[in-house]
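Tertiary structure, described
These are the residues of each chain, in order.
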2 protein chains.
Amino acid sequence: MRIELEPTLYQSFEDISNPANVAPRVAALRKKLDENGLDAFLIPLADAHRGESLPNSEQRLAYITGFTGSAGIAIVAKDKAALFVDGRYTIQGPAQTDTNIFEVLKTPDDKLNDWITQNLPAGAKLGFDPWLHTPDEVKNLNKIPEENCTLVPGNNLVDAIWGDRPQPPKGEVELLGPNRAGVSREDKLIYLQKTLNEEGADNLVLTLPDSINWLFNIRGRDVPNTPVVLSFAIVPKTGKPSLFVDREKLNATQMDQLGAVLNIVPADQFAAALKTLGANKAKIWVDPTSCPNAVLEILTKGGANLIKKTDPNMLPKAIKNAAELAGMREAHRLDGIAMAQFLCWFDLHCETGILTEIDIATSLEAFRRKEKTLVDISFETISGSGPNGAIVHYRVTNSSNRKLVPGELMLVDSGGQYLSGTTDITRTMFTGSVTKEQKDRNTRVLKGMIAITVLQFLPNTTGAHLDILARQFLWQIGLNYNHGTGHGVGAFLSVHEGPASISPLNNVKLEKGMILSNEPGFYLEGEYGIRIENLIHIVDSEISDGWLAFETLTLAPIDTRLIEVNMLTEIERDWLNAYHTRVLKEIGPSLEGDQLAWLEKATAAI
Amino acid sequence: MRIELEPTLYQSFEDISNPANVAPRVAALRKKLDENGLDAFLIPLADAHRGESLPNSEQRLAYITGFTGSAGIAIVAKDKAALFVDGRYTIQGPAQTDTNIFEVLKTPDDKLNDWITQNLPAGAKLGFDPWLHTPDEVKNLNKIPEENCTLVPGNNLVDAIWGDRPQPPKGEVELLGPNRAGVSREDKLIYLQKTLNEEGADNLVLTLPDSINWLFNIRGRDVPNTPVVLSFAIVPKTGKPSLFVDREKLNATQMDQLGAVLNIVPADQFAAALKTLGANKAKIWVDPTSCPNAVLEILTKGGANLIKKTDPNMLPKAIKNAAELAGMREAHRLDGIAMAQFLCWFDLHCETGILTEIDIATSLEAFRRKEKTLVDISFETISGSGPNGAIVHYRVTNSSNRKLVPGELMLVDSGGQYLSGTTDITRTMFTGSVTKEQKDRNTRVLKGMIAITVLQFLPNTTGAHLDILARQFLWQIGLNYNHGTGHGVGAFLSVHEGPASISPLNNVKLEKGMILSNEPGFYLEGEYGIRIENLIHIVDSEISDGWLAFETLTLAPIDTRLIEVNMLTEIERDWLNAYHTRVLKEIGPSLEGDQLAWLEKATAAI
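Attention in this report is confined to the structure presented alongside it.

Here is what the cut-offs are and how they apply
- Residues numbered from 1 in each chain as written.
- Chains lettered and ligands numbered in written order.
- Predicted model: local features only at pLDDT ≥ 70, side-chain atom pairs only at ≥ 80, totals over all residues.
- Heavy atoms only, no water.
- Contact = heavy atoms within 4.5 Å.
- Buried area = accessible area lost by both parts, 1.4 Å probe.
- Salt bridge = Lys/Arg side-chain N within 4 Å of Asp/Glu carboxyl O.
- Polar contact = N/O pair within 3.5 Å; in protein donor to acceptor, adjacent residues only side chain to side chain.
- Helix = DSSP H or I, 4+ residues; strand = E, 2+ residues; numbered from the N terminus.
- Pairing = 2+ DSSP bridges.
- Axes fitted to C-alpha atoms, helices over the stretch in contact; angles between N-to-C directions.
- Parallel < 35°, antiparallel > 145°, perpendicular 65-115°, else oblique.
- Left-handed = near helix turned anticlockwise from the far one by under 90°.
- Nonpolar A, V, L, I, M, F, W, Y, C, P; charged D, E, K, R; others polar.
- Buried < 20%, exposed > 50% of the residue type's maximum accessible area, 1.4 Å probe, protein only.

Each partner contributes residues to the interface: chain B has 23 residues there, and chain A has 23 residues. Between chain B and chain A, a total of about 1800 Å² is buried, with carbon and sulfur atoms accounting for 69% of that surface. If you sort the residues of chain B by the area they bury against chain A, His465(B), Ile468(B) and Trp475(B) come out on top, with a joint share of 32%. Counting the contacts that link chain B with chain A gives zero salt bridges. Counting across the interface, chain B meets chain A through two residue pairs in polar contact (both at pLDDT 80 or more). If you list the elements that add at least two residues to the side of chain B that touches chain A, you get β21 (456-457) and α17 (463-475) of chain B.

With that settled, the discussion passes to the pairing of strand β13 (residues 283-286) of chain B. Residues and elements named next belong to chain B. The sheet contact formed by strand β8 (residues 203-206) and β13 spans two bridges and is parallel. Bridging from a neighbouring strand, Leu204 pairs with Trp285 of β13. Note: β13 against strand β14 (residues 305-308), four bridges, orientation parallel. Each bridged residue has a counterpart across the sheet, and for Val286 the counterpart in β14 is Lys308.

Okay, the packing of helix α14 (residues 322-349) of chain A against helix α15 (residues 357-369) of chain A next. All names here are of chain A. Look at α14 against α15: their axes get within 8 Å of each other, and the N-to-C directions meet at 140 degrees. Of the possible angle classes, the one that applies to α14 and α15 is oblique. In this structure, the crossing between α14 and α15 has a hand that is right-handed. Here Asp335, Ala338, Met339, Gln341, Phe342, Trp345 and Phe346 of α14 come into contact with α15, specifically with Asp359, Ile360, Ser363, Leu364, Phe367 and Arg368. Along the lines of polarity and charge, the residues of the contact of α14 with α15 split into eight nonpolar, two polar and three charged.

Okay, the pattern of salt bridges next. For side chains of opposite charge, pairing can occur when their charged atoms come near one another. Residues and elements named next belong to chain A. Within this structure, the stated rule accounts for 74 salt bridges over all chains. Here Asp559 makes a salt bridge to Arg561, at a shortest N to O gap of 2.9 Å. On the basis of relative accessible area, Arg561 is assigned to the partly exposed category, the value being 34%. Salt bridges linked by common partners bring Glu58, Arg60, Asp159 and Arg165 together as one network.

Pasting the structure below:
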């Protein structure tokens, strides 16, 4: 029942791990421990860039443990080993690794520091790769008393045994013109160097891919889901910045164009450049939450005076300019066309009882791929039928894949990377019948989403203030959802970005131009999951000078068959009807025949 | 039209200042500047205790400037002088002082530090009384570069010229028994000393009156509105604490009872005790936001190792025990009886056109004073008719007093100190007619108040999260109020207390037992003011284990003639009707005749 497909899928559903590999690889690693006089070695799921996605060449955790989840850390000692995963992966973790070798522990209840204290011999030497841990992480490890264990930075022992390690990616680079970037790299640099001067910093070291790609108006194809060029950068308070990148990724024209603004330096010269940066006690700005500890060590050894502060690109990057917003609107129009086709297809087939979660994810990707400016999906599609919908970060694999039973709720959270922008949308779909309880819960989730959407608010309002509006209708009956209400979204960049979010803990002021997701949900373990997600962006409110409001970017019907209309206020019903009118107006002209008829029905007023 | 009164009123409406006094007093103070080799002297509105109210003996700002507002600071230099007041007092400030002598400036736009830098000669010596400024305040003054001015702590020059300075208060002390305090002073001490040991503190210095009075289960009559004994205390990590207090306030029985738990030391020995406290580098806990800078100086000079942290009694004091809650409920029942009588009286007379704001405040106090356990009002009644209702902290005086014009809104914010507890209530009253706009605004304010009241919430929720619920209906139409939504309230203590509040900036977790005000409002400058305030306290929610909810303490009708019933949801209408049913049930039995008939009508279902 899949629609006709392009030969390659962005998403894979393979269970790529083989627990049988674990024993020989751990044995090889332990040999390296002995050779290096170490008692244990840390294997985090991270590279030096700390972007949202890792290239295959950096998948050390999966290589050693078999575990392919999106977060985790392992430690291999001489006769013990542990894999720490969070609550999402307590089933997948043990299933993918060899549990005779790795004890799988659940964070945050189980703590790496405790494990180290309890399992390593007194005075143990713990090896780690300083390019894969941030200063904040190292600081936390250093809380272990020295009599228990000493940290030993050094070469990565996994790389030493990884015979068939993939090459680092050499994805093509594209330079964004003014019509896509909105602000030239020269102007961004002027603004940034002004900030450096205000802060008294002589140089800024950048290691986050989305920060560097945003600053220089470049994009790449190095990692899945996020269109970035992996690279480092050093920005002096005056003069040309240096971009440390594999020069093979750039063609001659690009070298010329970029070269006018910055020095293009081979990536392997980054460490050497850091060594001399601290001369004369220069003040160097680094972000201790994301830069590799190696960067800090090299700078400090070179005499630098460190300014430890958040990457200064984070806030300006979050505030989208007119060209970025125009691109994001276009991306959402294109995504809306794909979503309408997908939802129409789903509606037609969901009651057959033969659709699997993989069929559904695959078909959605196929509809998206009909648009030639799609370059990737923005994250692995969450395609959760019935009880799998209740697993917030569910990723379907061949082994978890199940058939949708008509009458179950179907939750699909997905997004695309179009040349024009990044999308992220969740819809929960009717499949033939719905219980009174599900309808009630879905309506409360929708009311919460609308409460955020229609809000007019004052400057100095933060996500921590807004969050309760999305939860209030669930809280009325003692229910909640265990995730934030929304995250920042990049413009043809990371689908998750800071600094703002809609969460009880986020104290960043919401500003005009920011794009956020708005995705309350409700999950009944073992039964069903509901989430409704639109992207919204902050605009001037028409209500009064200085007030702010949200504009919705996402354009796709919200399933009205799951709504208890009597529970909606007039404001809520009016919003939904106006939204559906807009969806039909903007998406309808791109559809025809049955699909258009379906959209007309799906967007009919309630 | 005032009702029959007791001979004395707690509240005074006098404009007690006389601008003619300013010139000779400032001249005398300037003579002292010369004698002491100083260029200027600071006169804050503060005593060493930083409680909510000051005794007359500490009213130095009013003595020098004539200004009697509730916040401000003055500086007198050799040929210039300035009085800094906030936005509430930009009219009252200039009216009460001699503006030929004092330039009246508005904070926070005008800054004391800027004035000092711009008006004092280079290298000026700025005198101040270190008992009247906190370390945080001194730290802020020290931001002025040394070449501009040096801070010189010393004796208070105002005291040196204040011939008829009142004696410090010698109010009677009462000891609270277990039925009122709920927890014995011995048990509170065990808990506090456990905290000191956990923190590694050898001694704790307490200077806040409500902290000390709460800890030792004592109350006093030293200052208006807040029933505290002014005193200091030192609590060692083990053994008896010392209470520094004017021993004349205590009778022999009280000396014996308190003496069993603590050392009663004459107040003037406090400084001497601090001198030796730091011996052997002892660790001394002080609260830098409230303790006098003199305390810090003496401790430091004595070799102390300071732990600068919030007063550890703040949080346990805010979490009321069963006896305190029972007392607060009783106080609100008593206050509800007075409020019902007052509102009935007001309803009968408001359309005569002869009631003044002072008549209204005076009558309300008279109704409260019929209850013999009333010992004070908890703050000066805000009695604002028509446009005066829009002044958030309005205090009526003989010169500001105006007649209520029937048809205007009348706002009364008031409270009582009963032996059983402290109340704080605001009602906005109908006076014969109401505009459509006023009804709309009042209904939005009420909806906001109800949104907080009916909320069921999870642990880790803070006032910053809740605040938007109270504002949301005003925000819908681009309106707001410029104050927090609610503050903590003490149990027969300060009517304003920390650490929790309902405000966009408060990140203290809300806990079971806390009492807060819930008082959204709306103010149209020059036209009218609306505020509806109940006290609420946090209880376990019945909805689900671990959830929290609010119970309303305040018992008085909310004027239904100001409500646009169509704007209420079913939940809101149900809440209001249930609340009124409860008010009638709890207050009705204490009324009879016309007053009972009035209450029945006022609490009738809508």
